[in-house]
Amino acid sequence: MLSLTLRETINKLKDGSISAAELCEKCITRARRIQEFNFIVKDNFDQAQEESLQSSRLWSEYVSGRHHEWRKFSGIPFAIKDNFCTKDIRTTCASNILSNYVPPYTATVVQRLQDEGGVIIGKTNMDEFAMGSGSTDSIFGPVRNPWKYKFSQTDQSTDNLEGQAVADDWHIAGGSSGGSAVAVATGTCLGAFGSDTGGSTRNPAAYCGVVGFKATYGRLSRHGLIPLVNSLDVPGILTKSVDDANLIFNAVAGHDVRDSTTITDPFEKFTLPDDINVTNLHIGIPKEYHAPGLSPCVLDAWRRAADMFENAGAKVSQVSLPHTQYSIICYGVLCCAEVASNMSRYDGIEYGHRAKIEDSTEELYAATRHEGFNDVVRGRIFAGNFFLLRRNYDNFFIKAQKVRRLIADDFRNVFKGGVDILLTPTTLTEAPSYTWFTEEDNRTRAEEQDVFTQPINMAGVPAITVPASLSHSGLPIGLQFVGPNFHDRQVLTVAKWFEQQTNFKQLDLSYLDKS
């Protein structure tokens, strides 16, 4: 049951072959058995079970013909990254500064998911305030990638699965939405929300072998998503299949009066076809993405995908995005500048952590922020304030904004030149080991991990990561499809075609369910 996609699950609920209560119970049981992956930081199991029981009764009435209206996600478990506000459920951003924060409202995209009947199984682990690419910088500890993971017991017994991993090093889940990616990959839920500022949904999706979708900026409301970089943040969708991502996208997309950056044009829902023809497509391969450090296994997967499209009749050609080399530096300046502004609200006065300092307001502010933020967050705040000083403003912030426009123009010019979709790697390598990843600081690793993903946020265009294959060591490799603004449907359609050709085998943890 836990290996089913969201689309398959809905069909089985409609024909009565499974119940919402049974599904939710199995998801919760699985989540409890794999706690050592450290992907859920606040469970909502009791409420989820209660809501799923109510949904089971509604599904029974629907199946018997006594109830003709139904909500498509009724009783289905979803996981929510811990930087989305959820009413009456603690939301921490994996930071001490918000360790006691319980929001009085729910983020728009989460509320729309609940309006369709979805139940929240828990809040997922992440890098503090989404600043990272490994889900290793959290007050709750690092998230562990379930692929190639060795439990303390090798006989696959479920009596003591909460022990520590054996001495063999484990792999990171990617970030900053690593907890949500692990929740989907392990079958704990049927879909999850992450956030995507520079690739924070697509990066962990690639490392955990799931689908990660970043829509066009403005298609999904940011209301209730605790901001990192307002001009780059986009709610991300993580699922087992492209069809599933489309189902959730249709349910939550559209204008929101609470978010002035959402598109005001009416959103038209759509269904992806099963029979897809790519013969009229023009696939672009950006030459700048042949970056230093690109591993042979990722390069091979990229080449095979390009050949796959060409053999199917699509036109495949090399293109240029000339300002890509400046993108990561530009992203760093803009990110820190907006972080400095956004983090100023955390002063210990209105909500969140407050230091026990009563000598002066200034000392209270300083102590609260020192105790509440980790070194990564404080470092970005310092850098951002430096960039925003009057003497530096033009040379850093304004110049970075101008370069950002050039980066966006690169994408626009390529698409105007006849290219329909760009095909790129998502990450330089397969998921690295935790030991290797933590040998360098957060900033260094983020620059490495975000190289293929953050230009998409700079341009605001839609992109999706789809599992392509396994590396020689048995770890997932994801590839990225990028389209023009507001061509989300085309991006999803092409990604679905690729998914059909690869037939990637999802992670199988069914042995955990055996008693």
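Given the structure is predicted, the values throughout are model-derived calculations rather than measurements. (Residues numbered from 1 in each chain as written. Predicted model: local features only at pLDDT ≥ 70, side-chain atom pairs only at ≥ 80, totals over all residues. Heavy atoms only, no water.)

Trainee: Explain empty space enclosed by the protein to me, please; I cannot follow it from the model alone.
Mentor: Which parts of space are left empty comes out when a probe the size of a water molecule is rolled across the atoms. Counting across every chain of the model gives two cavities of 30 Å³ or more. The computed volume of the largest cavity comes to approximately 90 Å³. Every residue along the wall of the largest cavity is listed here: Ala130, Met131, Gly132, Thr197, Gly198, Gly199, Ser200, Leu228, Tyr331, Arg380, Ala446 and Asp450. Considering only residue class, the lining of the largest cavity consists of five nonpolar, five polar and two charged. Quantified by volume, the second largest cavity comes out at close to 40 Å³. Along its surface, the second largest cavity is lined by Tyr217, Gly218, Leu220, Arg222, Asp233, Val234, Pro235, Asp259, Thr261 and Thr262. (1 Å grid on protein atoms, 1.4 Å probe; cavity = no way out; pocket = protein on both sides within 12 Å on 5 of 7 lines; lining within 4 Å. Points joined across faces, edges and corners; volume = space filled by probe spheres on them. Nonpolar A, V, L, I, M, F, W, Y, C, P; charged D, E, K, R; others polar.)

Trainee: What's the story with a negative patch on the surface in this structure? I'm lost.
Mentor: Together, Glu358, Asp359, Glu362 and Glu363 make up a region of like negative charge exposed at the surface. A residue is classified by how much of its surface remains accessible, and Glu358, at 80% relative accessible area, is exposed. (Patch = residues over 30% accessible without salt bridge, like charges linked within 9 Å, V, L, I, M, F, W, Y side chains within 5 Å. Areas by Shrake-Rupley, 256 points an atom, 1.4 Å probe, with all protein chains shown as cover. Salt bridge = Lys/Arg side-chain N within 4 Å of Asp/Glu carboxyl O. Lys, Arg positive; Asp, Glu negative; His and termini not counted. Charge placed at Lys NZ, Arg CZ, Asp CG, Glu CD. Buried < 20%, exposed > 50% of the residue type's maximum accessible area, 1.4 Å probe, protein only.)

Trainee: Sorry if this is basic, but what is going on with helix α8 (residues 296–311) here?
Mentor: What sets the pattern is the α-helix's 3.6 residues per turn: residues three or four places apart point alike. The end-to-end C-alpha separation of α8 is 22 Å, in line with the 22 Å expected for 16 residues at 1.5 Å each. Of all the positions in α8, only Cys297, Val298, Leu299, Ala301, Trp302, Ala305, Ala306 and Phe309 are classed as buried. Tucked inside the fold, the buried residues of α8 contact β7 (282–286), β8 (315–319), β9 (421–425), β10 (463–470), β11 (476–482) and α16 (488–502). (Helix = DSSP H or I, 4+ residues; strand = E, 2+ residues; numbered from the N terminus. Expected span 1.5 Å × (residues − 1). Contact = heavy atoms within 4.5 Å.)

Trainee: Where do I start with the layout of surface pockets in this structure?
Mentor: Of the pockets and cavities examined, the largest pocket occupies roughly 460 Å³. Forming the walls of the largest pocket are 18 residues, and the residues nearest its centre are Gly332, Cys336, Arg380, Arg443 and Glu447. Counting residues per element, the ones that place at least two in the lining of the largest pocket are α9 (324–342), α11 (375–387) and α14 (442–449). Among the elements that line the lining of the largest pocket, the one with the most residues is α9, at seven residues. Taken together, the residues of the lining of the largest pocket break down into ten nonpolar, three polar and five charged. The space that makes up the second largest pocket amounts to roughly 400 Å³. The wall of the second largest pocket is formed by 18 residues, among which Thr5, Lys240, Ser241, Glu499 and Asn503 lie closest to the centre.

Trainee: Any chance you could explain the packing of α9 against helix α12 (residues 394–416) here in plain terms?
Mentor: When two helices pack together, their arrangement is given by the angle between the helix axes and by the axis-to-axis distance. α12 packs onto α9 with a crossing angle of 135° between their chain directions and a minimal axis gap of 9 Å. Accordingly, the angle class assigned to the pair α9 and α12 is oblique. Our pair here, α9 against α12, has a crossing hand that is left-handed. Note on element contacts: α12 touches α9 through Phe396, Phe397, Ala400, Gln401, Val403, Arg404, Ile407 and Asp410, opposite Thr324, Tyr326, Ser327, Cys330, Val333, Leu334 and Ala337. When the residues that make up the contact of α9 with α12 are grouped by side-chain class, the tally is ten nonpolar, three polar and two charged. (Axes fitted to C-alpha atoms, helices over the stretch in contact; angles between N-to-C directions. Parallel < 35°, antiparallel > 145°, perpendicular 65-115°, else oblique. Left-handed = near helix turned anticlockwise from the far one by under 90°.)

Trainee: Would you mind going over the state of the cysteines with me for this structure?
Mentor: Covalently bonding the sulfur atom of one cysteine to the sulfur atom of another cysteine gives a disulfide. Taken as a whole and judged by the stated rule, the model has zero disulfides. Free of any disulfide, Cys24 has its nearest cysteine sulfur in Cys27, 6.6 Å distant. The thiol of Cys189 is not disulfide-bonded; the next cysteine sulfur, from Cys27, is found 7.2 Å away. On the accessibility criterion, Cys189 (0% relative accessible area) is buried. (Disulfide = S-S within 2.5 Å.)

Trainee: What is the right way to read the sheet that holds strand β4 (residues 192–196) from this model?
Mentor: The pairing of strands in a sheet comes from backbone hydrogen bonds and takes either a parallel or an antiparallel form. Strand order across the open sheet formed by eleven strands is β1-β3-β2-β4-β6-β5-β10-β11-β9-β7-β8, with mixed pairing between neighbours. Two strands bound the open sheet, and with one partner strand each, they are β1 (40–43) and β8. Mean inter-strand twist for the sheet, computed between neighbouring axes without regard to direction, equals 30°. Bridge count for β1 against strand β3 (residues 119–124) is three bridges, and the pairing is antiparallel. Considered in β3, the bridge of Asp43 is made with Gly122. (Pairing = 2+ DSSP bridges.)

Trainee: When you look at unusual backbone geometry in this model, what are you seeing that I'm missing?
Mentor: With glycine set apart, most residues show a phi of negative sign, and most peptide bonds adopt trans. In this structure, Ser176 follows Gly175 across a cis peptide bond, with omega equal to 10°. For Ser176, the location among the structural elements is in the loop between β3 and α5 (178–185). The backbone of Ala94 sits at a positive phi, close to 55°, despite the residue not being glycine. Considering the arrangement of structural elements, one finds Ala94 in the loop between β2 (77–81) and α4 (108–115). Positive phi, close to 70°, is recorded for Phe486, a residue that is not glycine.

Trainee: I tried to follow the packing of aromatic side chains on my own but got confused; where do I start?
Mentor: The description of two aromatic rings rests on the distance between their centres and on the angle between their planes. This model, assessed by the stated rule, comprises 23 aromatic pairs. Summarising the aromatic geometry, the rings of Tyr346 and Phe373 are spaced 6.1 Å apart at their centres and angled 85° between planes, so their arrangement reads as edge-to-face. In this pair, Tyr346 is assigned in the loop between α9 and α10 (361–372) and Phe373 in the loop between α10 and α11, connecting sequence segments 27 residues apart. Since its relative accessible area comes to 4%, Tyr346 is described here as buried. Among the aromatic residues, those joined into a ring-pair cluster are Tyr101, Phe129, Tyr346, Tyr351 and Phe373. In this arrangement the basic side chain of Arg445 is found over the ring face of Trp436, its NZ or CZ atom lying 3.6 Å from the centre. (Phe/Tyr/Trp six-rings, centres within 6.5 Å; stacked < 30°, edge-to-face > 60°. Lys NZ or Arg CZ within 6 Å of the ring centre and 35° of its normal.)

Geometry only, nothing functional implied.
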